[in-house]
Amino acid sequence: MKSTTTLRRKLLSSAFVGFCGFAVLIALIPLAFVLFFVITQGIRAVNVDFFTHMPTPVGEPGGGMANAIVGTLIVSGLAALMAVPIGVISGMYMSEYAGTRFASLVRFAADTLNGVPSIVIGVFAYAVAVLPFKQFSALAGGFALGVMMIPIIARTTEELLLLVPGSMREGALALGATRARAVFGVVLPAALPGIVTGIVLALARIAGETAPLLFTSFNNRFFTTKLTQPISTLTVQVFTYATGPYDDWHRQAWAGALVLVMIVLVCSLLARLATRRLERMHARG
Amino acid sequence: MRRKELGFQMGTGVLGLVLVAIVFAIGAVLAKQSMLSIEKFGLSFWRTEVWDPVSGEFGALPFIWGTLYSSILALLISTPIALGIAVFISELCPARLRQPLVFLTELLAAIPSIVYGLWGIFVLVPAVRALEISLPDALRQLPFFSGPPLGLGMLSAALILAIMVIPFSSSVAREVLKSVPAAQREAAYALGATRFEAIRAALFFARTGIIGAIMLGFGRALGETMAVTMVIGNNPRVSLSLFAPQYTMAAVLANEFTEAADDLYLAALTEIGLVLFIITLIVNSLSRLLIWSMSRTATQVPEPVEPAVDAA
Amino acid sequence: MKTVHNSLAVLAGVVLLIGGAAAQKLQMNGAGATFPYPIYSKWFSEYNKQHPDVQINYQPIGSGGGVQQVSKQTVFFGASDMPMNAEQLQAAPGKILHLPTVLGAVVPVYNIPNVTTELKFSGPLLADIFLGKITKWNDAGIAKLNPGVTLPASDITVVHRADGSGTTYIWVDYLAKVSPEWKTKVGVNASVNWPTGVGGRGNEGVASTVKQTPGALGYVELIYALQTKQPYGSVQNMAGEFSKASVESVTAAAAAAAKQMPPDFRVSITNAPGNGVYPISSFTWILLYENAKDKAQARAMVDFMKWALTDGQKFAPDLGYAPLPADVIKLEMAALAKVKTS
């Protein structure tokens, strides 16, 4: 009697373990699928023209996404310019005054903002940064993406600052430093590599956003660096080309997708390596 | 010294205030821009199925339906897989595999939505269409499989959402599982439990947090825009059928926002944005509450007590 | 800290410099219809080659979007295949002129495996399909008009526009004229409550969806069917002939209207009477403020329009559009003179 129930329990356990392993495989299949298609289709499509030419008139094959690539860099740069100061300093507040009610409020707000769908942020940015100025612009796009970046950077900064050993902060304070000095001079530099990694990852994430740009930076057929004008971005361009009917557009969309995935891959790998080095440094120190 | 301390607190606190202000601003701006529509339609906006820009009749029901249906389906598909992954990585996995697997799941999460959408149009939709065509006629009588096999529709949307939500739920679930005190598992093993039974005990202990993790994934699915709008068919219609092209709140905003030709239309769309904002706010807050309360219970588990020496 | 200061200052200087250099170019933004997008795209590109200091950025977001954005003044000019109605004109902050640019046709494009012959449609037939009353390709109504073509027993997937579209307006304007049921049940506008079908974004989206969906039937501007090499049908005109969209048949459709053009150029030429007429034809307009604040842009726009009405018309036939009738061009040049450029 006893041996059969034990056998049943053991079988159930093995089945469960098998299921979990199977789940991992199931999740990896679409990843492999997506990467496979993006890489094979993208490599076929990418050529020098893609990085150096502007789009051709509709229906004519050829051309590239040079303006879109530059546009993505510009809009992401603007977003970082806005989000890094606000994010890092809010993170600083949350870690230094962690016990207070206001810090909890800020943390709650950051988590909430993190969960707001990007399309809603786009609608918000349209009302705030486009309508009053009667102008679609790179600045508005940067604003929308910046709003999305702030909570990511704030939470990462907070977590990393909290990880810095209390002894470092206390040591500085004991030596007579002000709070500000202690944080900016000792704690922040200690956490800086991690914070920079966090910023890089946040940048990689918003560089891949499309929805908030649809009604802010809009799109531009020409090459422009003027911040008060609409600007082309890689994601919006891929969307336009993917939903279009021309085979050449589809080819270029895959190329654009490849560039986006490469950006994400490179940033993720760099972040991994940086974290590994950090951990080794902390273990040693 | 005191003043400098206060200065620092105020200085950094101000930017924290900016963060809080942004969240309120979003709600306020959305509410103000949708006033025209709120005043005209009131509560019936949420019940009306008609979306007719010609006659100025706007009802958000098809979009709410599409959003909820696609997200719930995505949840049904993704939850067992996400939990399986979380359990595998945190409990069953050989140590050497852990880092690469975590990296791969993070990669799945990092792929931009537009890339999923592109893959969706050219790879997933034709595959789903082939699947729909091959379905035996007997099953077609069911309301879930009625309608022409287009490929574009609820099924493709649910599948792509599931793929995108899996890494999200599984990483939060992993964090939750990590916070289960070791004592729980050790106690189970001490009582002779199999792997499955010990893990089941841990899962049971963490159940509030796990539900929170799943709900966070749900919240993510609710707001997903690009991948969904490229595969769902963009048809505002309430339908049970997996084959039917439908519409979500996020998708209609992406498609029609810049093109709303009059103020009432724009206000109606903004009201949909407001509804989406509120729903995701509630879902996300609730899930974080669950996760937080679970981690509190975990830290409050009493230390094992030394048994009193047997008198006899 | 000081190095951070310095680097920020340098960065700001570089940005301003680039911005300043770019400021020498006149950048103008317009948005609207996807119907004329291929030829506008060609025009703006050619015009830029001849005037490198003028960059006219046109975004195809649909006629509804064009009207909205030009009314909100987030773009300098709009483009629409559907004339603005009295309410919309009233709501705009200034007088908006409708300036016709080319003539085009909306064609029924389809994707039926193994059927490459040209199908014949009648107005009422198309209305019934889009009403959802006819659901299969081998329906008696379709077969009657196309004897000798083996039509499959598969479902028709109607593809329409998901966005506010002038192409939709032209299509439903025609359907309302030939089907009283359509007129009362659905109506005429840039965006309607479609009884059936899936939505695509822009002419490009519809063409793309039809191309990828076996059994689909959609409506697109002629050039999109030509450029994506998809079969499109002929439509029965008022004279009973089955007419295929072409430069000639579209020009014929505009012949009568050209003689009686109203001063504001807002006219519909669908279901026009006469022989050799393609019944689903239309003008398409650029929407421009008569008295815009930015006079430099107004000057550039007027100059561009004059180029478009003369040299630009040459590009039309290659792209499947019909050039404007000479009478219309004459009237329009006079209207352009009224635009305030200083």
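Note that the coordinates shown come from a computational prediction; the quantities given were computed from them, not determined experimentally.

Parameters at a glance
- Residues numbered from 1 in each chain as written.
- Chains lettered and ligands numbered in written order.
- Predicted model: local features only at pLDDT ≥ 70, side-chain atom pairs only at ≥ 80, totals over all residues.
- Heavy atoms only, no water.
- Helix = DSSP H or I, 4+ residues; strand = E, 2+ residues; numbered from the N terminus.
- Buried < 20%, exposed > 50% of the residue type's maximum accessible area, 1.4 Å probe, protein only.
- Contact = heavy atoms within 4.5 Å.
- Areas by Shrake-Rupley, 256 points an atom, 1.4 Å probe, with all protein chains shown as cover.
- Buried area = accessible area lost by both parts, 1.4 Å probe.
- Salt bridge = Lys/Arg side-chain N within 4 Å of Asp/Glu carboxyl O.
- Polar contact = N/O pair within 3.5 Å; in protein donor to acceptor, adjacent residues only side chain to side chain.
- Nonpolar A, V, L, I, M, F, W, Y, C, P; charged D, E, K, R; others polar.
- Pairing = 2+ DSSP bridges.
- Axes fitted to C-alpha atoms, helices over the stretch in contact; angles between N-to-C directions.
- Parallel < 35°, antiparallel > 145°, perpendicular 65-115°, else oblique.
- Left-handed = near helix turned anticlockwise from the far one by under 90°.
- pLDDT = per-residue confidence, 0-100.
- Patch = residues over 30% accessible without salt bridge, like charges linked within 9 Å, V, L, I, M, F, W, Y side chains within 5 Å.
- Phe/Tyr/Trp six-rings, centres within 6.5 Å; stacked < 30°, edge-to-face > 60°.
- Lys NZ or Arg CZ within 6 Å of the ring centre and 35° of its normal.

Q: So what's going on with the overall build of chain B? Which residues, and what values?
A: The helix and strand tally for chain B stands at 13 helices and 2 strands. For chain B, the spread of C-alpha atoms along the principal axes amounts to about 90 × 70 × 40 Å. Looking at chain B as a whole, 56% of its 312 residues are labelled buried. Counting contacts in chain B only where the partners sit at least 6 residues apart, residues at least 24 apart contribute 76% of the total. Counting every atom, chain B has about 13200 Å² of accessible surface; 68% of that belongs to carbon and sulfur.

Q: Requested: an account of the interface of chain A and chain B, with residues and values cited.
A: In this complex, chain A contributes 81 residues to the contact, which on the side of chain B involves 74 residues. Both faces combined, the contact of chain A with chain B buries some 6700 Å², and carbon together with sulfur accounts for 84% of it. Summed over the shared surface of chain A and chain B, the result is 2 salt bridges. Between Arg272 of chain A and Glu106 of chain B there is a salt bridge, and its shortest N-O distance comes to 3.4 Å. Inspection of the region where chain A meets chain B yields 9 residue pairs in polar contact (both at pLDDT 80 or more). In terms of residues, the side of chain A that touches chain B owes the most to one element, helix H1 (residues 2-45) of chain A, which gives 21 residues. Split into classes, the residues belonging to the side of chain A that touches chain B amount to 62 nonpolar, 13 polar and 6 charged.

Q: Explain the sheet that holds strand S10 (residues 242-243) of chain C residue by residue, including any values.
A: All names here are of chain C. With respect to topology, 3 strands assemble into an open sheet ordered S5-S9-S10, the strand pairing being mixed. This sheet does not close on itself; its edge strands, each paired only once, are strand S5 (120-121) and S10. When S5 meets strand S9 (residues 234-236), the two strands line up parallel, connected through 2 bridges. Of the residues in S9, the one forming a bridge with Lys120 is Ser234.

Q: Now, about the interface of chain B and chain C: what can you tell me, with residues and values included?
A: Each side of the interface is counted separately: chain B has 27 residues, and chain C has 25 residues. For the pairing of chain B and chain C, the buried interface totals around 2000 Å² over both sides, and the portion due to carbon and sulfur atoms is 47%. Linking chain B with chain C are 1 salt bridge. Two residues, Lys72 of chain C and Asp263 of chain B, come together in a salt bridge whose shortest N-O distance is 3.0 Å. Sorting the residues of the side of chain B that touches chain C by element identifies strand S1 (51-52), helix H5 (113-133), helix H12 (249-256) and helix H13 (263-299) of chain B as the ones contributing at least two each. Here the residues of the side of chain B that touches chain C are counted per class, giving 16 nonpolar, 5 polar and 6 charged.

Q: Would you mind going over the pairing of strand S6 (residues 157-161) of chain C in detail, with residue names and values included?
A: All names here are of chain C. Counting buried residues in S6 gives 5 out of 5 residues, a clear majority hidden from the surface. Bridge analysis of S6 against strand S8 (residues 216-221) gives 3 bridges, and the strand direction is parallel. In the sheet register, Val159 faces S8, and the bridge partner there is Gly218. Taken together, the 3 bridges between S6 and strand S7 (residues 198-200) define a ladder with parallel strand orientation. Looking at S7, one finds that Val159 is bridged to Val198.

Q: For the packing of helix H4 (residues 101-115) of chain A against helix H1 (residues 2-33) of chain B, give the residues involved together with the corresponding values.
A: H1 of chain B packs onto H4 of chain A with a crossing angle of 45° between their chain directions and a minimal axis gap of 9 Å. As judged from the angle between their axes, H4 of chain A and H1 of chain B are oblique. Here H4 of chain A runs over H1 of chain B; the crossing is left-handed. Here Phe102, Leu105, Val106, Ala109, Ala110, Thr112 and Leu113 of chain A of H4 of chain A lie close against H1 of chain B, whose contacting residues are Gly13, Gly16, Leu17, Leu19, Val20, Ile22, Val23 and Ile26 of chain B.

Q: Report on the confidence of the model for chain B, specifying residues and quantitative values.
A: Fine structural detail should not be taken from predicted coordinates in areas where pLDDT scores are low. On average, chain B scores 87 in pLDDT, and the residues at 70 or more come to 95%. Ranking the elements of chain B by mean pLDDT puts S1 of chain B last, at 78, and helix H3 (residues 61-92) of chain B first, at 93.

Q: Give me the environment of Thr196 of chain C: which residues, what numbers.
A: Residue and element names in this part refer to chain C. Position of Thr196 relative to the elements: it lies in the loop between helix H8 (180-185) and S7. We classify Thr196 as partly exposed; its relative accessible area is 25%. As for Thr196 and Gly132, which are separated by 64 residues in sequence, their C-alpha atoms are 5.8 Å apart.

Q: Tell me about a nonpolar patch on the surface, and name the residues and values.
A: Residue and element names in this part refer to chain A. Together, Phe19, Phe22, Leu25 and Ile26 give the surface a local cluster of nonpolar side chains, amounting to about 370 Å² of exposed area. For Phe19, the location among the structural elements is in helix H1. On the basis of relative accessible area, Phe19 is assigned to the partly exposed category, the value being 36%.

Q: An account of the confidence of the model for chain C is requested, with residue identities and associated values reported.
A: The share of residues in chain C with pLDDT of 70 or more is 93%, and the mean pLDDT across the chain is 88. ipTM for the predicted complex: 0.88, alongside a pTM of 0.86.

Q: I'd like a rundown of the sheet that holds strand S4 (residues 96-111) of chain C, residues and numbers included.
A: All names here are of chain C. What the 8 strands build is an open sheet, ordered S2-S1-S3-S11-S4-S8-S6-S7; its pairing is mixed. The strands lining the two open edges of the sheet, one partner per strand, are strand S2 (54-60) and S7. Between one strand axis and the next, the sheet turns by 25° as a mean value, whatever way the strands run. Relative to the sheet, helix H2 (residues 37-50) contacts S2, strand S3 (77-80), S4 and strand S11 (281-289), its axis offset from that of S2 by approximately 170°. Here helix H7 (residues 166-178) sits on the sheet in contact with S4, S6, S8 and S11, set at roughly 70° to S4.

Q: Residues and numbers for helix H10 (residues 234-242) of chain A, please.
A: Of all 9 residues making up H10 of chain A, 8 are buried, and the element is well covered by its neighbours. If you check which residues of H10 of chain A are buried, you get Leu234, Thr235, Val236, Gln237, Val238, Phe239, Tyr241 and Ala242 of chain A.

Q: Any chance you could break down the packing of aromatic side chains for me, citing the residues and the numbers?
A: Applying the stated criterion across every chain, the model contains 51 aromatic pairs over all chains. With 5.3 Å between their ring centres and 85° between their planes, Phe50 of chain A and Phe51 of chain A make a pair best called edge-to-face. You can call Phe50 of chain A buried: its relative accessible area is 1%. You can call Phe51 of chain A partly exposed: its relative accessible area is 42%. Among the aromatic side chains, those forming a connected cluster through ring pairs are Tyr37, Tyr40, Trp43, Phe44, Tyr47, Tyr58, Phe77, Phe304, Trp307 and Phe315 of chain C. Stacked on the ring of Phe222 of chain A, the Lys or Arg Arg221 of chain A has its end atom at 4.9 Å from the ring centre. Above the ring of Tyr232 of chain C, the side-chain terminus of Lys244 of chain C is found at 4.3 Å from the ring centroid.

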